[in-house]
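Structural characterization, general
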Amino acid sequence: VVDIRTLHAKSGMFTYDPGYISTASSSSEITFIDGDEGILLYRGYPIEQLAAQCDFIDVCYLLMNGELPTSEQKTSFDNTIKNHSMLHEQLVKFYTGFRRDAHPMALMVGVVGALSAFYHEAMDITNAAHREQSAFRLIAKLPTIAAMAYKYNIGQPFIYPRNNLSYAENFLHMMFAVPTEEYKLNPVLVRALDRILILHADHEQNASTSTVRLAGSSGANPYACISAGIACLWGPAHGGANEACLNMLEEIGDVSRIDEYIQRAKNKDDPYRLMGFGHRVYKNFDPRAKLMRETCHEVLNELGLQNDRLFKLALQLEKIALEDEYFISRKLYPNVDFYSGIVQRALGIPTFMFTAIFAMARTVGWVAQWSEMISDPNHRIGRPRQLYTGITMRNIPSAALRK
Ligand code: ACO
């Protein structure tokens, strides 16, 4: 009997690293994270400066092209995105095939994947111009796709995008306008949404980006790859955490119950975790969480909600957890999802749409990473190995023995 586990030795060494704790799956020039110092850079620029001085369109251009746009480049890029924001009318009909109570992420996985059926030139991923065209389409259409998922869910007519509005304005318009009434745009709320988009735009090789890269490594078309990324993002340990975090705050309900939930999260016999806490890479404050907390203050002040119950609860929960030995020793800090749900709730966005907005923001990161991989002449199909732990090679017993 040959122990086939030893066969690996013949084909060279490989590492066994469940969850890729210390294995780089790719090299990339796009985003840098220093998890110990709490630093996040897009193409070398600190996230704090981008959030303060740029808008989401600047950041999209930066992630895709490596440099911030000149004003001329920005106008041209912005116009291109606007020109691609509509959905094909046949694709709009696609929505009615879903149950009304379907989660928006379920619709988005389907509708984004279905874009493959409309843009056949995208199948030719060797053509750089086609790749760029697909990237424009995806960045432009995701807000329309997400807002239509919302309108479908609540039973209102779809609101089409407008070319005189910015990216963030357009999304709020498509979400909240109704045919009989304009949505009144508030610049503070628009800025808050734009900031959410900037903070979620890319985050190097997280689970959904790695999924996009792995799917794309086989030569799959970009719409199918982004659809795979959306599916992965949906999980509560990843993009679904902002929704889970707000639900958790609602469930805690009152400052007096925080301790009960902290004790639950610390109990190793209970799988419960504090949502919005901890990160695979950040072992310090997630810089995005600090910016999101700042945005929370701005939005709640603007709306006269300084005493917002959930915000107060979140601040107190953060304070208690950061003084607790369990969280200190494991370096568990609030991540971006901890405060983003409170901001989105204040904008009037229902909880079930939070992850869809994350997907809309992350699309530019996914397409930039996919494009970077495909343009690399040395890229290969991703094909992880495994550590086989099954039965070693054996012979099928005789019929008599099998009885
Ligand atoms: N609450 C309580 N304990 C936690 C938490 C938490 N939120 N997060 C991690 N821990 C504990 C683990 O139980 C483990 O403890 P142990 O060493 O005693 O066994 C230790 O901290 C390390 O945790 P791991 O699961 O090994 O960390 P990993 O890097 O695999 O997971 C993750 C990171 C998934 C983000 C995790 O912290 C988590 O589940 N957090 C809650 C969900 C969340 O907020 N996700 C959003 C991530 S950010 C994003 O996607 C935008």
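Cut-offs and rules
- Residues numbered from 1 in each chain as written.
- Predicted model: local features only at pLDDT ≥ 70, side-chain atom pairs only at ≥ 80, totals over all residues.
- UniProt positions renumbered as here; feature names shortened; annotations may be inferred.
- Buried ≥ 20, exposed ≤ 12 C-beta atoms within 10 Å, placed from the backbone.
- Helix = DSSP H or I, 4+ residues; strand = E, 2+ residues; numbered from the N terminus.
- Pairing = 2+ DSSP bridges.

Named according to an unreviewed UniProt entry, the protein is Citrate synthase originating from Nitrosomonas cryotolerans ATCC 49181. In its Sequence similarities (unreviewed entry) section, the UniProt record describing the protein reads: "Belongs to the citrate synthase family." UniProt, in the comment section headed Pathway (unreviewed entry), describes the protein in these words: "Carbohydrate metabolism; tricarboxylic acid cycle; isocitrate from oxaloacetate: step 1/2."

What follows covers the pairing of strand β2 (residues 39–42). Of the two faces of β2, the one holding L40 and Y42 is buried and the one holding I39 and L41 is not buried anywhere. Direction of pairing for strand β1 (residues 31–34) relative to β2: antiparallel, over a ladder of 4 bridges. Within β2, the position partnered with I33 by the bridge is L40. Linking β1 back to β2 in an antiparallel pair, the connection comprises 4 residues, with G38 at a positive phi of about 70°. Two elements, β2 and strand β3 (residues 45–46), share 2 bridges in a ladder whose sense is antiparallel. Across the sheet, residue L41 finds its bridge partner in β3, namely P46. Linking β2 back to β3 in an antiparallel pair, the connection comprises 2 residues, with R43 at a positive phi of about 50°.

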